[in-house]
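# Summary of the model geometry
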Amino acid sequence: MFWVVLLLLAWAVAGVACTRLCLAAVRAAAPDPGAGRGRDLTLYEAAFLSGGPGRVAELTLVSMARQRRLLLARTGWATVVDPRGRDEMERTVIGAIGPEGQSPIAPVRSATAAADPVRGLADALVRAGLAMPDGTGSPVAAGVRQVRGAAVLVAALGAVALLMPTPTELPRHLVALWFALPLALTLSCLVLARIEVHPYSRWASPAGQRLIGGLARHGGRGGAGDDRAFLTSVAVLGVHAVGEPDLRAAFAHRDRAPWDADPDA
């Protein structure tokens, strides 16, 4: 009857993980009356909440390129045309490119993302209740990871129970059926989370996600003659979501930074 102990453990793991995820989803859905009220996001803020420090660096590079103050080549190089930055982010980009006025995009992106202006932007968003501290991810994302782990553990416990040489009074297919129940609970919970609360942001709090959603709905995808809408698309969706092959090619030559890793992939 040792398989019964394993079954109880499987139910306990599945029940705790699914309960935590449900509670996190309920808290995330509850509006925070103080966070983001009456506030419009800047493009830099939207970029950080959507994609973190690397997205802010990309947005700055693309914005300067749209204004013909920076050239972004398909080969992955950035060339300064106008060395006068109009804000801290642009000055950081120009400083990262260096005195020669030309550099590969990948190290410029990494240096800009790690610079003080981006850290200051992150701190301000955290204080406003719009960003998660240190990019740790939302409680919902953490809950999803726990349920995924629970599903794997339940499957492993079921396999152990089926492979045990100890004879049992139940046929093995019935033992497998008992373990299928907690596994079905975890999988259904993941499906519901995917439908109801996806995407799970690593950077934005629930209040920040709501602001990003409003910006995305009103920003549009933009075209060549609509820089604001185009830059909004870059901020919210990223460079690879916009319809410019040359721009996507320029950013294809890049190093993968730690903050690019998707914890929920």
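Residues numbered from 1 in each chain as written. Predicted model: local features only at pLDDT ≥ 70, side-chain atom pairs only at ≥ 80, totals over all residues. Heavy atoms only, no water.

## Structural notes on the side chain of E58
One can find E58 in helix α3 (residues 53–66). We classify E58 as buried; its relative accessible area is 4%. In this structure the side chain of E58 is engaged in a polar contact, spanning 3.0 Å, whose partner is the side chain of R109. (Helix = DSSP H or I, 4+ residues; strand = E, 2+ residues; numbered from the N terminus. Buried < 20%, exposed > 50% of the residue type's maximum accessible area, 1.4 Å probe, protein only. Polar contact = N/O pair within 3.5 Å; in protein donor to acceptor, adjacent residues only side chain to side chain.)

## Some thoughts on the packing of α3 against helix α5 (residues 105–113)
Close contact between α3 and α5 brings their axes to 8 Å; oriented N to C, the two are set at 120 degrees. Between α3 and α5, the angle is such that the two are oblique. Handedness of the α3/α5 crossing: right-handed. Note on element contacts: α5 touches α3 through I105, V108, R109, T112 and A113, opposite P53, G54, A57, E58 and L61. (Axes fitted to C-alpha atoms, helices over the stretch in contact; angles between N-to-C directions. Parallel < 35°, antiparallel > 145°, perpendicular 65-115°, else oblique. Left-handed = near helix turned anticlockwise from the far one by under 90°. Contact = heavy atoms within 4.5 Å.)

## Structural notes on the state of the cysteines
All told, the structure shown has zero disulfides when counted by the stated rule. With no disulfide of its own, C22 has C189 as its nearest cysteine by sulfur position, at a separation of 4.4 Å. A relative accessible area of 41% places C22 in the partly exposed class. Looking at the unpaired C189, the closest cysteine sulfur is the one in C18, lying at 3.9 Å. Assessed through its relative accessible area of 9%, C189 is described here as buried. (Disulfide = S-S within 2.5 Å.)

## Section: the packing of aromatic side chains
Here the structure, examined in full by the defined rule, presents one aromatic pair. The lysine or arginine in question, R66, covers the ring of F230, its NZ or CZ lying 3.9 Å from the ring centre. (Phe/Tyr/Trp six-rings, centres within 6.5 Å; stacked < 30°, edge-to-face > 60°. Lys NZ or Arg CZ within 6 Å of the ring centre and 35° of its normal.)

## Points about the nonpolar core
Judged by nonpolar contacts, the single largest core of 44 residues is most densely connected at F48, L49, L72 and F251. Discounting chain neighbours no more than four positions away, the residues touching F48 are P53, V56, V118, L121, A122, L125, A131 and W203. (Core = buried A, V, L, I, M, F, W, Y, C linked by side-chain atoms within 4.5 Å.)

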